[in-house]
Amino acid sequence: MSSKSAGYPLPQTWWHNRSILSFLFLAAARFSAVTSVIRGSESENAHPKRYDPSPSANLVDVFPPRLRLKGSGAKGHTHVLRNRKTRRGNIHEPEDIIWGLPDENITPEFSYPPCDRSLSAKSRALIDAAVSSAVVDPSTLEDPSTPQARAAGWLLEDYVALDPCANGPSTAKATQRFVLATLYFSTGGDVFWRDTLGWLGTGDECLWGGVGCDDAGIAVKLDMDENSLTGPLPEELSRLTSLEVIALDSNSLSGSIPPIFSELTSLEIIDFDNNYLTGTLPDLIYDLSRLRVLDLNHNSLTGTVSDALANLTDLSFIQLHKNDFSGTVPGRIGELEELETMSLHENGFVGSVPPSVCYLEKLMRLTSDCAGTNPKVECACCTLCF
């Protein structure tokens with residue numbers, strides 16, 4: 001039997017009936033909503049929400065503050081975060097979580113609140129304290145072209161680059177970075193240095209080429225031989241009070257040895273040979289009681305060498321040859337019981353090497369200007385005469 005004969009005639013244009021069309025769309029929408037809830041429950045179990053046990057935690061530390069959906073069907077809809085208290089702490093979750101994208105043209109975009117990249121008063125005070133405690137002559141900060149001013153300017157930029165939303169480094173670390181930056185600018189690090197590995201980068205200064213630190217991150221060693229350091233040594237190096245080794249030989253250092261280096265009471269090795277250093281040997285250097293190596297040959301140092309050299313009781317290696325020292329050979333060097341090597345030749349020394357030196361048990365090499373029939377220096381036990 002045909003449908004017509006049974007009294008159920010179907011209109012040929014049934015799909016134009018608005019009532020039927022509305023019913024179908026409503027049914028589809030409800031089915032989609034139920035499906036989204038089910039998917040949400042499954043995804044929540046598969047991906048447990050992150051929580052922060054600290055009630056005062058910043059939302060940025062736990063979950064991106066906003067999720068904006070962009071696309072043809074998003075209409076700029078924004079999902080914001082809310083806090084939910086649990087017995088385990090604060091859970092930060094979106095108020096309106098979409099577990100599936102309704103339109104393939106919609107793409108997620110995370111938006112973080114702006115970070116204040118300006119220095120806080122606390123952070124600026126920390127940097128000011130670091131620079132003030134390290135700079136030897138505050139007037140050098142007034143001229144922007146000085147190594148000290150350039151280092152201070154870099155430190156401010158360095159802080160922002162490191163972590164603009166954190167509290168910054170400690171005062172000790174900031175001071176250390178400032179001093180090393182001053183050395184960099186003072187000796188042509190941006191122009192002459194052969195190896196600038198890590199220098200003035202955002203990484204820890206203990207990883208910069210030639211810098212050695214202890215377990216606490218405090219610099220104890222500067223070893224930059226043959227690296228084309230050019231210019232004077234900055235007095236600010238004296239602020240690295242834990243330095244044990246400063247080895248800068250075979251460079252182009254000029255100027256004098258800063259007397260303030262006497263503050264480096266932990267120094268065991270001073271190695272400045274093969275440079276262009278001038279001036280006298282600071283008297284205060286004789287107070288460095290832990291000094292074992294004093295290597296100053298091949299410079300243009302002048303003046304005398306004091307008998308106070310005998311105060312350096314741990315001294316085992318001293319090279320002063322090829323300088324312009326004058327005066328008599330220090331009379332108390334025979335008291336240096338640890339002495340193994342001492343070179344005095346090609347200087348202006350006169351007189352005689354104390355006979356007591358010849359009885360030093362560990363002495364292996366001793367040189368002076370003792371050659372010829374009328375030598376400048378008399379030496380009964382020199383291993384080599386010039």
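The sections below set out a description of the structure shown in this document.

About the criteria used
Residues numbered from 1 in each chain as written. Predicted model: local features only at pLDDT ≥ 70, side-chain atom pairs only at ≥ 80, totals over all residues. Heavy atoms only, no water. Helix = DSSP H or I, 4+ residues; strand = E, 2+ residues; numbered from the N terminus. Expected span 1.5 Å × (residues − 1). Buried < 20%, exposed > 50% of the residue type's maximum accessible area, 1.4 Å probe, protein only. Disulfide = S-S within 2.5 Å. Contact = heavy atoms within 4.5 Å. Phe/Tyr/Trp six-rings, centres within 6.5 Å; stacked < 30°, edge-to-face > 60°.

Next up on the list: helix H4 (residues 171–186). Between its first and last C-alpha, H4 extends 22 Å over 16 residues, near the 22 Å set by a 1.5 Å rise per residue. With 14 of 16 residues buried, H4 lies mostly within the body of the structure.

Before going further, it helps to examine the state of the cysteines. Per the counting criterion, the structure on display carries 4 disulfides. Put simply, Cys-358 and Cys-381 are joined by a disulfide, and their sulfur atoms are 2.0 Å apart. Given an S-S torsion of about -85°, the disulfide between Cys-358 and Cys-381 has left-handed geometry. With Cys-358 in the loop between strand E18 (348–352) and strand E19 (365–368) and Cys-381 in the loop between strand E20 (377–378) and strand E21 (384–385), the pair connects residues that are 23 residues apart, well separated along the chain.

Considering the arrangement of structural elements, one finds Ile-269 in strand E11 (residues 269–271). Apart from residues lying up to four places away in sequence, Ile-269 is in contact with Glu-244, Val-245, Ile-246, Leu-291, Arg-292 and Val-293.

A separate point is the packing of aromatic side chains. In this description, an aromatic ring pair is defined by two values, namely the gap between the centres and the angle between the planes. By the definition in use, this model includes 7 aromatic pairs. A centroid spacing of 6.2 Å and a plane angle of 15° characterise the contact between Tyr-184 and Trp-199, whose relative ring orientation is stacked. Of the two residues, Tyr-184 is situated in helix H4 and Trp-199 in the loop between H4 and strand E6 (211–213); the sequence distance between them amounts to 15 residues. Assigned by exposure class, Tyr-184 and Trp-199 land together as buried. Ring geometry for Trp-193 and Trp-199: centres 4.9 Å apart, planes at 85°, overall edge-to-face. Judged by its relative accessible area of 6%, Trp-199 is buried. Chaining the aromatic ring pairs together yields one cluster made of Trp-154, Tyr-184, Phe-185, Trp-193, Trp-199 and Trp-208.

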